[in-house]
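# Structure assessment
For reference, the chains in residue letters:
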Amino acid sequence: MTALKLRHASTQDQTPATVSRIVNLINDAYRWSEAELWVDHKERTNALEITALIESGMIILATSNDDIDGVAKTEEVAPDIGGFGMLSTDPNSLGQGIGQALVNAAETWARDAGYQEIEIEIVRGDPPNEHKQFLHQWYTRLGYVEQATYPIAERIPELASLQRVTCVSTVYRKKLR
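Right, let's walk through the structure included here. (Residues numbered from 1 in each chain as written. Predicted model: local features only at pLDDT ≥ 70, side-chain atom pairs only at ≥ 80, totals over all residues. Heavy atoms only, no water.)

## Some remarks on the pattern of salt bridges
Going through the model one piece at a time under the given rule, you end up with 13 salt bridges. Residues Asp67 and Arg21 are paired through a salt bridge, measuring 3.4 Å at the closest nitrogen-oxygen approach. Within this pair, whereas Asp67 is found in strand E3 (residues 67-78), its partner Arg21 is found in helix H1 (residues 16-34), the two being separated by 46 residues in sequence. Note that Arg155 is salt-bridged to Glu119, the shortest N-O span being 3.6 Å. Note that Arg155 is positioned in helix H5 (residues 152-155) and Glu119 in strand E5 (residues 117-125), a separation of 36 residues in sequence. Among the ionic contacts, a cluster of salt bridges with common partners joins Glu119, Glu121, Arg155 and Arg173. (Salt bridge = Lys/Arg side-chain N within 4 Å of Asp/Glu carboxyl O. Helix = DSSP H or I, 4+ residues; strand = E, 2+ residues; numbered from the N terminus.)

Right under this line is the structure:
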């Protein structure tokens, strides 16, 4: 893999091919890590959502060799808290530091925007599967502290009817200043 480049997606990335690549990357990653949580055919995102997020400047892309190797969404959670989510990497690129680079880029974005903290929310089964246990350990190593865990119906009500198993949402935060 050549040098990884990180950048916010721009309106030039709103081509059908690029939007499709981003949608597929995210949905494939979530399907892989959350398959047992949801009824069949639950997708994490779609082309309309990604197009709107690109237009709003909320998508970070990790690219190499003119291909998208990873993606993350940034957002304001509260006036002093930035957030990121949809962190996804190409399964063929796992273990190459792309996820870490995307987290660093999200943290840099939040710092530059003046946020005091940054938040990531992880939806998981109760109890968590091996992948979600790994994410808990990984984010903890990166300095994120578990804040609270909520029943999915309370935190993200639109997902409640899609549960195959009992799901919860755990919020992690990291101080930036």
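After that view, the rundown keeps rolling.
## Brief notes about helix H2 (residues 47-55)
Regarding H2, the residues found buried are Ile50, Leu53 and Ile54. The arc that holds every buried residue of H2, seen down its axis, measures 100°, which confines them to one face. Exposed side chains of H2 directed beyond 90 degrees from the buried face belong to Leu48 and Glu55. Those residues of H2 that are buried lie in contact with H1, strand E2 (59-64), E3 and strand E4 (81-89). Put simply, Asn46 is the residue that caps the front of H2, since its side-chain oxygen is 3.0 Å from the backbone nitrogen of Leu48. Within two residues after H2, Gly57 carries a phi angle of roughly 75°, on the positive side. (Buried < 20%, exposed > 50% of the residue type's maximum accessible area, 1.4 Å probe, protein only. Arc of directions from axis to C-beta. Contact = heavy atoms within 4.5 Å. Polar contact = N/O pair within 3.5 Å; in protein donor to acceptor, adjacent residues only side chain to side chain.)

## Some thoughts on the packing of aromatic side chains
Evaluated as defined, the whole model comprises 6 aromatic pairs. Centre to centre, the rings of Trp109 and Tyr115 are 5.5 Å apart; their planes meet at 40°, and the pair counts as tilted. Owing to a relative accessible area of 8%, Tyr115 belongs among the buried residues under this scheme. Through a chain of ring-to-ring contacts, three or more aromatic side chains come together here, namely Phe84, Trp138, Tyr139, Tyr144 and Tyr172. When the ring centre of Trp38 is taken as origin, the NZ or CZ atom of Lys42, which lies over that ring, is 5.1 Å away. The aromatic ring of Tyr30 is capped on one face by Arg44, whose charged end is 5.5 Å from the ring centroid. (Phe/Tyr/Trp six-rings, centres within 6.5 Å; stacked < 30°, edge-to-face > 60°. Lys NZ or Arg CZ within 6 Å of the ring centre and 35° of its normal.)

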